[in-house]
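Letter by letter, the chains look like this.
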Amino acid sequence: MATLIINDAVGQILAVLREAFEGVERWSYFLDHGPQFGLLGTLRGLDAAAASRLSGGKSNIYGATASGPVQASIASHAFHVAVGLEIAAAWVRKKEQNDQEWDKSWAVSAVDDAEWAALLKRLEQAYVDIKAAIEQHSADSIESFGGGLGAAVHAAYHLGRMQEKLDGMG
């Protein structure tokens with residue numbers, strides 16, 4: 001049996017994360033080809049009103065809080081992903097995480113133009129930061145490796161949920 005080299009495994013986590021956020025030009029793990037299919041391309045194509053809209057169907061509900069189900073717009077998912085990436089980057093770096101921030105990760109529902117622009121900037125910065133954390137620290141421990149892997153999977157999952165919501169709006 002071949003031995004997996006940790007740097008190769010980390011490279012694959014980064015490839016999945018990059019695909020989720022930036023899309024791909026050629027071969028892919030799970031997206032259609034083109035940057036417009038990644039999370040950033042998808043969200044940049046929306047205005048604040050569309051990001052704040054609640055679509056029909058089960059993708060409208062996400063029961064992620066202790067108090068029960070919440071209405072989840074695309075802006076809700078984007079904010080939740082940004083917070084998740086920030087917490088995951090701290091985890092990968094073995095820094096203290098802010099549980100209160102996670103508890104509020106579904107707090108955003110509707111945004112205006114300025115809030116949407118700020119949220120996109122926060123999400124982009126969180127993406128840059130988690131990439132750096134994974135590159136520099138995910139081989140430090142199994143927990144750090146798992147945190148990087150979890151961040152990539154979490155982002156890909158929510159990209160899918162956002163795409164479902166967009167399909168429901170069409």
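Everything below is about the structure shown above.
Attention here is on the structure that accompanies the text. None of the values given here were measured: they were computed from a predicted structure. (Residues numbered from 1 in each chain as written. Predicted model: local features only at pLDDT ≥ 70, side-chain atom pairs only at ≥ 80, totals over all residues. Heavy atoms only, no water.)

This part is about helix H4 (residues 74-92). In this model, H4 (19 residues) spans 26 Å end to end at C-alpha, consistent with the 27 Å of a helix rising 1.5 Å per residue. Of all 19 residues in H4, 17 are buried, a share of seventy percent or more. Just downstream of H4 lies Lys94, where phi reads positive at about 60 degrees. (Helix = DSSP H or I, 4+ residues; strand = E, 2+ residues; numbered from the N terminus. Expected span 1.5 Å × (residues − 1). Buried < 20%, exposed > 50% of the residue type's maximum accessible area, 1.4 Å probe, protein only.)

Turning our attention to the environment of His158. Tracing the sequence through the fold places His158 in helix H7 (residues 142-169). In this structure the C-alpha to C-alpha distance between His158 and Ala20, which are 138 residues apart in sequence, comes to 9.5 Å. Those residues in contact with His158 that lie beyond four places of it in its chain are His77, His80, Val81 and Trp106. (Contact = heavy atoms within 4.5 Å.)

As a rule of thumb, soluble globular proteins bury nonpolar side chains together. Counting residues in hydrophobic clusters, the biggest one holds 43 residues, and the most contacted among them are Phe21, Leu43, Leu85, Trp116, Leu123 and Ile130. Elements that contribute at least two residues to this core include exactly helix H1 (6-22), helix H2 (39-44), helix H3 (48-52), H4, helix H6 (113-137) and H7. The element best represented in this core is H4, accounting for 12 residues. Apart from residues no more than four positions distant in its own chain, Phe21 is found in contact with Gly38, Leu39, Leu40, Gly41, Val81, Leu85, Leu123, Tyr127 and Ala155. (Core = buried A, V, L, I, M, F, W, Y, C linked by side-chain atoms within 4.5 Å.)

Once that is clear, we can look at a negative patch on the surface. Together, Asp47, Asp112, Asp113 and Glu115 make up a negatively charged patch on the protein surface. The residue Asp113 is located in helix H6 in this model. Residue Asp113 is classed as exposed on the basis of its relative accessible area, which comes to 59%. (Patch = residues over 30% accessible without salt bridge, like charges linked within 9 Å, V, L, I, M, F, W, Y side chains within 5 Å. Areas by Shrake-Rupley, 256 points an atom, 1.4 Å probe, with all protein chains shown as cover. Salt bridge = Lys/Arg side-chain N within 4 Å of Asp/Glu carboxyl O. Lys, Arg positive; Asp, Glu negative; His and termini not counted. Charge placed at Lys NZ, Arg CZ, Asp CG, Glu CD.)

This paragraph deals with the packing of H4 against H7. Orientation of H4 relative to H7, taken along the N-to-C sense of each, is 175 degrees, at an axis distance of 9 Å. Relative to H7, the element H4 is oriented roughly antiparallel. Across the contact of H4 with H7, the residue classes break down as 12 nonpolar, 7 polar and 3 charged. (Axes fitted to C-alpha atoms, helices over the stretch in contact; angles between N-to-C directions. Parallel < 35°, antiparallel > 145°, perpendicular 65-115°, else oblique. Nonpolar A, V, L, I, M, F, W, Y, C, P; charged D, E, K, R; others polar.)

Bringing unusual backbone geometry into the picture now. Backbone geometry follows two general trends: most residues other than glycine have a negative phi, and most peptide bonds adopt the trans configuration. Backbone geometry at Lys94 places phi at a positive 60 degrees, although glycine is not the residue there. Its location among the elements puts Lys94 in the loop between H4 and helix H5 (99-103). The exposed category is assigned to Lys94, whose relative accessible area is 57%.

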